[in-house]
Amino acid sequence: MLFTANITPSKSIRIKDSYWLLDNKFYASEFNIHDAISISGPHEVVFVLITYFGDTLSDTLHLWVSSPPILDNAKFIPANESQNIPPQDNVQFAWKAYDKDSICELHYHFVLKNLIDEEKGEPDLIDTIIDTPYFSLNWELKPLSQYRWTVQAFNE
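Thresholds applied
Residues numbered from 1 in each chain as written. Predicted model: local features only at pLDDT ≥ 70, side-chain atom pairs only at ≥ 80, totals over all residues. Heavy atoms only, no water. Pairing = 2+ DSSP bridges. Helix = DSSP H or I, 4+ residues; strand = E, 2+ residues; numbered from the N terminus. Phe/Tyr/Trp six-rings, centres within 6.5 Å; stacked < 30°, edge-to-face > 60°. Buried < 20%, exposed > 50% of the residue type's maximum accessible area, 1.4 Å probe, protein only. Lys NZ or Arg CZ within 6 Å of the ring centre and 35° of its normal. Axes fitted to C-alpha atoms, helices over the stretch in contact; angles between N-to-C directions.

Participant: So what's going on with the pairing of strand E3 (residues 25-28)? Which residues, and what values?
Facilitator: Examined bridge by bridge, strand E2 (residues 15-22) and E3 share three bridges and lie antiparallel to one another. When the sheet's bridge partners are listed, leucine 21 is paired in E3 with phenylalanine 26. Here E2 folds back onto E3, and the loop between the two strands holds two residues, one of which, aspartate 23, carries a positive phi near 55 degrees.

Participant: Could you give an account of the packing of aromatic side chains, with specific residues and numbers?
Facilitator: All chains considered together, the criterion is met by twelve aromatic pairs. With a centroid separation of 5.9 Å and 15 degrees between ring planes, the pair formed by tryptophan 95 and phenylalanine 110 is classed as stacked. Of this pair, tryptophan 95 sits in strand E8 (residues 91-98) while phenylalanine 110 sits in strand E9 (residues 106-114), and the two are 15 residues apart along the sequence. As far as burial versus exposure is concerned, tryptophan 95 and phenylalanine 110 are alike and both buried. The aromatic ring of tyrosine 52 is capped on one face by arginine 14, whose charged end is 5.7 Å from the ring centroid.

Participant: Can you tell me about the sheet that holds strand E11 (residues 134-137), naming the residues and giving the values?
Facilitator: Ordered by their spatial adjacency, three strands build an open sheet running E7-E8-E11, and the pairing between neighbours is antiparallel. Among the strands making up the open sheet, the edge pair consists of strand E7 (70-77) and E11. Neighbour-to-neighbour, the strand axes of this sheet turn through a mean angle of 20 degrees, independent of strand direction. Relative to E11, E8 runs antiparallel, the two sharing four bridges. Directly across from alanine 94, in E11, lies its bridge partner tyrosine 134.

Next comes the structure, spelled out in structure tokens:
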């Protein structure tokens, strides 16, 4: 996030102090802050300005930081170290993911690699972003080859 405080007209205000509060605790004293709020839930960000005449001005922002989605490591197909998958068949990849907040749509970064091709420096077979917790491979795999697939869940 980037928090920026702009004071206008800046020439007429004599600033004695300024600072940011995050959830009623001191956060920073710069006018521009580039930082991430990693604690999920509701937050209140306040910019406070105190003039030499004793006036206190403030501006408040309410925001919600969602929890990261969770992938269930025990519920995915094909499972780790699966063998004897017929290369001529379509392969189905599936996983279970959920978002505790349930306010953001989930997306998935799916990558499929042939490990022999990877050692040769060749690109991944598939590297894509999808909106479903499954992926269907519509072409044949190379026989007697080892593959690795990974998936990462993310939300908006």
